[in-house]
Protein chains: 2
Amino acid sequence: MSLTTLLFGRRLASDEEEKEQIGPFSGIPVLGLDALASASYGPEAALTVLLPLGTLGLRHIVPLSALIIALLSIVYFSYRQTIVAYPSGGGSYIVAKENLGTSAGLVAAAALLLDYVLNVAVAISAGVGALVSAAPSLLPHTLGLCLGVLVLLTAANLRGLRTAGLVFMAPTYAFLGCLFAVIAIGVGKTLLQGGHPAPVVAPPSHPATLGTASLALLCHAFASGCTAMTGVEAVSNGVPAFRKPSSLQARRTLSYIVASLGILLAGVAILTQAYGITATEPGKSGYQSILSQVVAAVVGRGPFYYATLTAVVAVLLLSANTSFADFPRLCQLLAIDRFLPEPFIHRGRRLAFSYGIGVLAGLSAILLVAFHGITDALIPLFAVGAFLAFTMSQAGMVAHWNRIRGKHFRLHLAINATGATATAATLVVIIASKFSEGAWISTLLVIAAYLIFRSVRAHYEQLDEAVRAHQPLDLTPPPPPIVVVPIRRWDLVAQNGLRFALQLSPEVYALQVILDDPRVEDLSGEWRELVEEPARAKGIAAPRLVVVRSRYRRLFRPLLRFVTTVAHAHPDRQVAVVVPEVVESHWYHYLLHNHTASILKWLLLFRGGKGIVIVNTPFYLYDAPKAA
Amino acid sequence: MSLTTLLFGRRLASDEEEKEQIGPFSGIPVLGLDALASASYGPEAALTVLLPLGTLGLRHIVPLSALIIALLSIVYFSYRQTIVAYPSGGGSYIVAKENLGTSAGLVAAAALLLDYVLNVAVAISAGVGALVSAAPSLLPHTLGLCLGVLVLLTAANLRGLRTAGLVFMAPTYAFLGCLFAVIAIGVGKTLLQGGHPAPVVAPPSHPATLGTASLALLCHAFASGCTAMTGVEAVSNGVPAFRKPSSLQARRTLSYIVASLGILLAGVAILTQAYGITATEPGKSGYQSILSQVVAAVVGRGPFYYATLTAVVAVLLLSANTSFADFPRLCQLLAIDRFLPEPFIHRGRRLAFSYGIGVLAGLSAILLVAFHGITDALIPLFAVGAFLAFTMSQAGMVAHWNRIRGKHFRLHLAINATGATATAATLVVIIASKFSEGAWISTLLVIAAYLIFRSVRAHYEQLDEAVRAHQPLDLTPPPPPIVVVPIRRWDLVAQNGLRFALQLSPEVYALQVILDDPRVEDLSGEWRELVEEPARAKGIAAPRLVVVRSRYRRLFRPLLRFVTTVAHAHPDRQVAVVVPEVVESHWYHYLLHNHTASILKWLLLFRGGKGIVIVNTPFYLYDAPKAA
């Protein structure tokens with residue numbers, strides 16, 4: 001078993017796709033972690049914005065969460081419909097492209113890709129941040145830990161979707177189990193103690209009220225809280241990853257994910273208000289995350305507290321996985337439509353889109369390294385992409401129903417129209433309240449990506465135009481080519497090349513360039529005896545020898561000049577350059593060579609000009625007598 | 001004027017060699033700096049060893065210096081004779097090889113090359129060390145400064161010998177002028193004041209006497225002082241670099257260098273004793289170099305002191321240049337004899353041996369980076385190489401005179417025999433007293449280099465044996481090759497390849513490998529219409545289509561397997577693989593390609609096996625209609 005097999009498992013055949021398909025149980029770890037993990041930072045983000053209000057802010061958390069959950073439900077019903085309508089994968093790109101036009105699709109795709117890349121960097125960095133704040137001795141290794149997690153995620157995904165699902169299952173269900181238990185106990189206590197339960201561990205004291213709730217502040221809090229919804233579109237994009245019947249399995253998975261997220265958001269909001277928990281200033285001493293405060297208040301700081309917080313950190317780290325599942329899939333769709341380079345199309349060893357996985361890992365690694373593993377500065381760039389994609393997708397579905405019509409189409413249309421309006425409104429709020437913080441960068445990046453897609457497509461179209469041919473093969477025999485054979489000295493390597501050259505054409509030039517090596521001799525003296533006389537004896541045209549003394553010790557320039565001069569002199573004929581090359585048996589022997597043949601082949605290909613054909617006659621040193 | 005011309009000057013023709021040749025005036029900066037600079041560290045090294053003796057040590061410096069100067073004179077007369085006997089360059093390698101056999105020559109060459117590399121690293125690092133101790137704010141940039149000086153030296157040498165000579169002339173003559181003046185003034189004062197002159201600035205007080213002068217200690221001091229003699233062989237190796245009459249010019253240059261060095265060594269010894277100057281502990285606070293103490297004692301710490309010390313630092317930095325002049329020249333001689341790879345033979349743009357200069361710069365850079373710019377640890381490795389080479393060269397000359405005989409041969413023989421004996425004895429002293437400090441590493445490195453030379457030569461001989469041919473060209477026409485054309489789809493690129501294939505042979509296979517790209521169609525349906533019918537109409541054999549569906553999405557494996565299967569089935573015939581390739585007009589367009597053609601050419605060359613010929617038919621996108 002080779003090392004690759006050990007690391008990545010055996011290569012899967014294209015028709016073994018089913019083995020890598022997933023059901024709802026592993027679908028949640030693969031596609032749902034982004035959405036679920038946001039339950040831990042969405043409420044926190046909203047409460048942090050409300051910090052200036054002190055205790056007053058607590059009043060707003062339940063209504064704000066209710067608004068977000070309502071929005072989530074609308075988006076949920078919209079995406080359920082999308083999954084039914086596009087059973088072969090209805091990501092925002094496909095839906096927007098098919099119903100609103102290619103440009104709309106590309107904008108949605110650009111927005112999603114941006115969000116996926118940001119999600120990987122931010123999720124890993126947040127998870128490692130939580131880990132490091134629990135064990136401060138790890139602080140100097142922040143970047144190393146981030147990259148380590150990235151490598152783990154990349155490897156798991158290169159092994160295929162099933163492996164990723166299996167590996168990430170335990171932390172996912174531990175996370176859900178623990179948090180559900182905390183919420184159940186907390187809500188139970190709240191009900192039993194008349195809405196004002198006594199905390200087991202009291203949360204930090206409230207800061208003084210510093211301001212009043214302006215509409216702008218509430219909008220900002222709402223916009224920040226909406227980061228809780230990123231990742232919801234992942235399932236609709238990944239329908240083909242599910243077992244048959246894919247559409248049903250995908251809908252089930254989406255339902256479970258959204259229901260869990262809704263319970264988490266509602267539970268956290270209720271418990272925060274009941275226990276009077278406010279955000280603490282992040283980055284300052286005494287900082288404690290909202291979830292940590294909630295769990296401590298409900299069940300105290302026992303082993304269960306630590307188990308829950310461990311699961312939260314694990315899920316934060318792994319929530320980057322949603323991007324790994326969807327980014328490469330979206331890239332494949334774009335590549336099939338020629339908006340991205342071709343390698344994104346092909347599935348790798350384990351039927352995962354290895355190239356896309358690699359590109360995602362590379363881009364995230366660049367972000368992590370550039371920000372030294374602390375990506376707080378990237379958070380404001382977030383959410384714009386997700387809501388832009390949501391809006392495009394919903395608007396696309398509205399156009400879809402309007403076009404398709406059919407049974408209950410008005411109801412479907414109404415649901416999607418509500419979704420589109422709600423997400424569009426949210427998008428406006430997000431951009432308006434976060435524009436100067438970084439949303440403008442997201443906007444620029446989406447535009448840049450759009451332009452790249454367009455220019456990649458334009459280049460491919462130009463290339464297709466240039467090489468397109470439907471006509472049958474033109475078999476008019478062209479005149480024989482003029483053949484040039486660069487030779488160094490009279491040896492078997494040169495003879496090998498010359499013999500092949502004579503098979504190509506009767507018009508062969510042997511070109512010897514003499515530099516300043518005192519050991520190399522001009523062949524003109526011996527040419528008659530070595531070549532011309534044997535050729536006359538066989539009655540064939542002898543190759544002509546051209547000796548060039550390079551006064552400036554240049555090898556390639558005289559060679560190229562000869563070839564291009566011949567080509568210009570005979571515009572109607574091809575010029576074939578036969579490059580003899582010694583092939584060694586060990587790589588390190590190439591240290592002893594000057595790589596003339598490789599450089600010459602490269603130069604002829606890229607600088608030779610039209611009508612040049614390059615023939616490479618290898619001479620195998622390790623099997624010389626037979627090759628001769 | 002291009003950037004390269006601006007940086008390195010115009011390219012020189014091979015017959016413009018004279019323009020780059022030098023006389024004694026620029027010969028001293030080019031070939032003499034190593035020897036001259038050692039006047040500043042040789043006495044220092046000896047005195048540092050004598051430190052434990054305190055004031056008692058002063059007694060020994062004049063006799064030790066006298067011994068070193070006597071040895072220097074012997075070596076000088078020996079090398080004068082060598083230059084006359086070997087007017088085309090009589091380095092230790094040539095002299096030992098011609099008179100004592102190849103192995104002796106290679107040992108001498110290995111020893112010299114090692115010393116040259118060490119000299120570059122140690123000289124630059126010593127110069128920068130002196131600079132940094134004068135301006136401690138530069139300390140954090142030690143490595144950067146070292147590499148900067150290395151780049152300067154490399155660039156000056158790549159521009160050719162004359163440029164190097166001109167650039168380094170001013171510091172060289174400033175160094176000689178200043179130090180001669182100091183010695184003249186100092187010796188004058190000593191004579192006028194009866195042997196005990198009053199210092200202008202008193203040297204640091206003497207440490208207490210801690211031990212007595214054992215023979216071992218004196219030997220160690222002598223061995224350390226002998227580093228003053230490294231670099232003396234440089235002129236004899238570089239005779240061809242001089243203007244005609246080269247031999248005379250070289251002898252003159254050697255005389256000037258050795259005379260200057262003798263004066264410096266004698267002067268420093270006399271003044272050290274007269275002023276009672278002892279070494280200070282290097283690396284400890286209060287450290288002051290011997291030269292600095294001498295200059296301060298003789299002329300005080302005025303502007304002249306600083307000018308002199310600046311010149312000393314400059315010459316230390318530039319003394320690496322001797323290596324740059326000789327290392328590439330020795331490598332060329334070894335490469336001509338096939339003990340080193342071929343690229344060392346060719347002269348670059350300015351007739352300097354650019355490849356050797358580059359290799360020397362690279363090796364020194366590795367040493368400097370590995371030791372963070374502080375190469376004290378390398379100093380004990382030094383001098384072994386120089387004295388090994390001296391001994392080999394002198395012994396070779398003894399054999400030479402014994403063989404040649406002629407006028408006064410006994411005198412010549414006696415001079416060289418004295419030289420050989422003296423340097424061999426010194427070598428034994430050096431190895432014995434410095435073995436555990438690092439001389440054992442030098443010994444191992446010389447052995448390693450020797451083995452490398454031998455194995456390079458063995459490989460070249462094996463290669464020559466395999467490709468050697470003196471017989472005339474065999475023109476028996478071989479059977480036409482079997483041609484394989486890998487094609488992706490039916491386009492002009494594929495047609496281009498197929499048409500060329502049909503010129504090669506009537507037996508052509510078009511091979512289509514189908515992966516998992518949904519856009520690629522199997523060509524079997526259309527082959528009849530596209531290829532077979534036109535071929536039948538023209539009465540020629542149609543290329544056969546082979547479609548391979550790659551279940552595991554592998555492209556190259558099925559291609560290679562097909563080619564090798566065909567080759568094995570027809571061991572008597574060549575298999576030509578025609579690789580069609582699209583050539584783009586801009587490099588960045590290659591980001592959109594998957595480089596199939598390049599990878600395939602590479603695999604066929606190195607994995608194809610014997611009898612494979614690779615034909616590359618480029619399709620130029622920027623000139624498509626004409627290329628078609």
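It should be emphasised that the depicted structure is a prediction, and the values quoted were computed from it without experimental measurement.

Chemist: When you look at the confidence of the model for chain A in this model, what are you seeing that I'm missing?
Modeler: A low pLDDT means the predicted coordinates there should not be read in detail. All names here are of chain A. Predicted confidence across chain A gives a mean pLDDT of 87, with 98% of residues reaching 70 or more. Contacts of residues 624–628 to residues separated by more than four positions or lying in other chains number seven contacts, the stretch itself having pLDDT below 50. Predicted as a complex, the structure gets a pTM of 0.81 and an ipTM equal to 0.83.

Chemist: Help me understand the relation of the copies chain B and chain A, please; the structure alone is not making it clear to me.
Modeler: The relation between the two chain copies is a rotation about an axis coupled with a shift along that axis. Superposition of chain B onto chain A requires a rotation of 180° combined with a translation of 0.1 Å along the rotation axis, giving an RMSD of 0.2 Å. Taken together, these values place the two copies in the relation of a two-fold axis. Residues of chain B ranked by C-alpha distance from the rotation axis are headed by Val-615 of chain B, positioned 2.1 Å from it.

Chemist: For this particular structure, what's the right way to read the side chain of Glu-20 of chain B?
Modeler: By the element assignment, Glu-20 of chain B lies in the loop between α1 (3–8) and α2 (24–49). Residues contacting Glu-20 of chain B, with those up to four places away along its chain left out, are Leu-12, Arg-159, Gly-160, Leu-161, Arg-162 and Arg-350 of chain B.

Chemist: Quick question: what am I supposed to make of the nonpolar core here?
Modeler: Among soluble globular proteins, nonpolar side chains are generally buried collectively. Counting 138 residues, the largest nonpolar core has Ile-124, Phe-175, Val-232, Leu-334 and Phe-453 of chain A as the members making the most contacts within it. It is helix α5 (residues 102–134) of chain A that contributes the most residues to this core, 17 residues altogether. Those residues in contact with Leu-334 of chain A that lie beyond four places of it in its chain are Tyr-93, Leu-106, Ala-109, Leu-113, Phe-339, Leu-340 and Phe-453 of chain A. Core analysis: the second largest hydrophobic core is formed by 134 residues, Leu-47, Leu-106, Val-232 and Leu-381 of chain B among them.

Chemist: What exactly am I supposed to notice about the packing of aromatic side chains here?
Modeler: Each pair of aromatic rings is reported with the distance of its centres and the angle of its planes. Counted according to the given criterion, the structure contains 18 aromatic pairs over all chains. Ring plane angle 85° and centroid distance 5.8 Å describe the contact between Trp-490 of chain B and Trp-527 of chain B, whose orientation is recorded as edge-to-face. Linking Trp-490 of chain B in the loop between β1 (482–486) and α17 (492–504) with Trp-527 of chain B in helix α18 (residues 524–538), this pair joins segments that are 37 residues apart in sequence. Judged by its relative accessible area of 2%, Trp-527 of chain B is buried. Judged by centre distance (5.8 Å) and plane angle (70°), the rings of Tyr-509 of chain B and Phe-562 of chain B are edge-to-face. Residue Tyr-509 of chain B is found in strand β2 (residues 508–514), and its partner Phe-562 of chain B is found in helix α19 (residues 556–569); the two are separated by 53 residues along the sequence. Using a relative accessible area of 16% as the deciding quantity, one classes Tyr-509 of chain B as buried. One aromatic cluster is present, formed by Tyr-79, Phe-387 and Phe-390 of chain A through successive ring pairs.

Chemist: Explain a nonpolar patch on the surface here, please?
Modeler: Residue and element names in this part refer to chain A. Taken together, the side chains of Phe-435, Trp-440, Ile-441, Leu-444, Leu-445, Ile-447 and Leu-451 present a nonpolar region at the surface, about 640 Å² in accessible area. Along the polypeptide, Leu-451 turns up in helix α16 (residues 409–467). Since its relative accessible area comes to 52%, Leu-451 is described here as exposed.

Chemist: Would you take a moment to explain the packing of helix α11 (residues 290–299) of chain A against helix α12 (residues 303–318) of chain A for this structure?
Modeler: The angle between the axes and the distance between the axes are what describe a pair of packed helices. Residues and elements named next belong to chain A. Two elements in contact, α11 and α12, have axes separated by 10 Å at closest approach and are oriented at 155°. Comparing the axis directions of α11 and α12 gives the class roughly antiparallel. Note on packing geometry: the crossing formed by α11 with α12 is right-handed. For the pair α11 and α12, contact is made by Leu-291, Ser-292, Val-295, Ala-296 and Val-299 and by Phe-304, Tyr-305, Thr-308, Leu-309 and Val-312, respectively.

Chemist: I would appreciate a short explanation of the interface of chain B and chain A in the present structure.
Modeler: Accessible area lost when the parts come together is the quantity often used to give the size of an interface. If you look at the interface, chain B gives 105 residues, while chain A gives 105 residues. Summing both sides of the interface, chain B and chain A together bury roughly 8600 Å²; the carbon and sulfur share of this comes to 58%. At the boundary of chain B with chain A, the tally comes to four salt bridges. Among the ionic pairs, Asp-464 of chain B bridges to Arg-489 of chain A, the shortest N-O distance being 3.1 Å. Remark: the boundary between chain B and chain A carries 32 residue pairs in polar contact (both at pLDDT 80 or more). When residues of the side of chain B that touches chain A are traced back to their parent elements, those giving at least two are α13 (321–336), α16 (409–467), α17, α18, β4 (575–583), α20 (596–607), β5 (612–620) and α21 (624–627) of chain B. Of the residues that constitute the side of chain B that touches chain A, the class distribution is 56 nonpolar, 19 polar and 30 charged. By the bridge criterion, three bridges tie strand β5 (residues 612–620) of chain A to β5 of chain B in an arrangement that is antiparallel. Paired with Val-615 of chain A across the two strands is Val-615 of chain B, which belongs to β5 of chain B.

Chemist: Mind showing me how you'd approach the pairing of β4 of chain B here?
Modeler: Within a regular beta strand, the side chains point alternately toward one face of the sheet and then the other, so they alternate between its two faces. All names here are of chain B. Of all nine residues that make up β4, nine are buried, and the element is covered over most of its length. Here β1 runs beside β4; their pairing, made up of three bridges, is parallel. Directly across from Ile-482, in β4, lies its bridge partner Val-575. Here nine bridges tie β4 to β5, and the two strands are oriented parallel to one another.

Chemist: Hey, could you run me through the pairing of strand β3 (residues 544–549) of chain B in this one?
Modeler: All names here are of chain B. Note that β2 and β3 share six bridges and pair parallel. Paired with Gln-512 across the strands is Val-547, a residue of β3. For the crossover that starts at β2, traverses α18 and ends in the parallel β3, the hand is right-handed.

Chemist: Can you walk me through the environment of Val-107 of chain A in this structure?
Modeler: Residue and element names in this part refer to chain A. Considering the arrangement of structural elements, one finds Val-107 in helix α5. On the basis of relative accessibility, which here comes to 22%, the residue Val-107 falls in the partly exposed class. Sequence-distant contacts of Val-107, that is, excluding residues within four places in its chain, are made with Leu-388, Met-392, Val-446 and Tyr-450.

Chemist: How do you make sense of a negative patch on the surface when you look at a structure like this?
Modeler: Residues and elements named next belong to chain A. Taken together, the side chains of Glu-521, Glu-526, Glu-529 and Glu-533 make up a negatively charged region of the molecular surface. Inspection of the secondary structure assignment puts Glu-521 in the loop between β2 (508–514) and α18 (524–538). Overall, the relative accessible area of 57% leaves Glu-521 in the exposed class.

Chemist: Help me understand the sheet that holds β5 of chain B, please; the structure alone is not making it clear to me.
Modeler: Pairing between the strands of a sheet is mediated by backbone hydrogen bonds and can be parallel or antiparallel. Ordered in space as β3(A)-β2(A)-β1(A)-β4(A)-β5(A)-β5(B)-β4(B)-β1(B)-β2(B)-β3(B), the 10 strands form an open sheet in which the pairing is mixed. Each having just a single partner strand, β3 (544–549) of chain A together with β3 of chain B make up the two edges of the open sheet. Averaged over all neighbouring strand pairs, the angle between strand axes comes to 25°, with direction disregarded.

Chemist: How should the pattern of salt bridges be read in this particular structure?
Modeler: Oppositely charged side chains can pair when the atoms bearing their charge come close. Throughout the structure, instances matching the rule amount to 22 salt bridges over all chains. Salt bridges here are not isolated pairs; linked through shared partners, they connect Arg-338 and Asp-464 of chain A together with Arg-489 and Asp-491 of chain B.

Chemist: What exactly am I supposed to notice about the side chain of Thr-163 of chain B here?
Modeler: All names here are of chain B. By the secondary structure assignment, Thr-163 is in helix α7 (residues 161–192). Since its relative accessible area comes to 18%, Thr-163 is described here as buried. Setting aside residues up to four positions removed in sequence, Thr-163 forms contacts with Ala-156 and Arg-350.

Conventions we followed
- Residues numbered from 1 in each chain as written.
- Chains lettered and ligands numbered in written order.
- Predicted model: local features only at pLDDT ≥ 70, side-chain atom pairs only at ≥ 80, totals over all residues.
- Heavy atoms only, no water.
- pLDDT = per-residue confidence, 0-100.
- Contact = heavy atoms within 4.5 Å.
- Least-squares fit on C-alpha atoms with pLDDT ≥ 70 in both.
- Helix = DSSP H or I, 4+ residues; strand = E, 2+ residues; numbered from the N terminus.
- Core = buried A, V, L, I, M, F, W, Y, C linked by side-chain atoms within 4.5 Å.
- Buried < 20%, exposed > 50% of the residue type's maximum accessible area, 1.4 Å probe, protein only.
- Phe/Tyr/Trp six-rings, centres within 6.5 Å; stacked < 30°, edge-to-face > 60°.
- Patch = residues over 30% accessible without salt bridge, like charges linked within 9 Å, V, L, I, M, F, W, Y side chains within 5 Å.
- Areas by Shrake-Rupley, 256 points an atom, 1.4 Å probe, with all protein chains shown as cover.
- Salt bridge = Lys/Arg side-chain N within 4 Å of Asp/Glu carboxyl O.
- Axes fitted to C-alpha atoms, helices over the stretch in contact; angles between N-to-C directions.
- Parallel < 35°, antiparallel > 145°, perpendicular 65-115°, else oblique.
- Left-handed = near helix turned anticlockwise from the far one by under 90°.
- Buried area = accessible area lost by both parts, 1.4 Å probe.
- Polar contact = N/O pair within 3.5 Å; in protein donor to acceptor, adjacent residues only side chain to side chain.
- Nonpolar A, V, L, I, M, F, W, Y, C, P; charged D, E, K, R; others polar.
- Pairing = 2+ DSSP bridges.
- Right-handed = clockwise from strand over helix to strand, strands pointing away.
- Lys, Arg positive; Asp, Glu negative; His and termini not counted.
- Charge placed at Lys NZ, Arg CZ, Asp CG, Glu CD.

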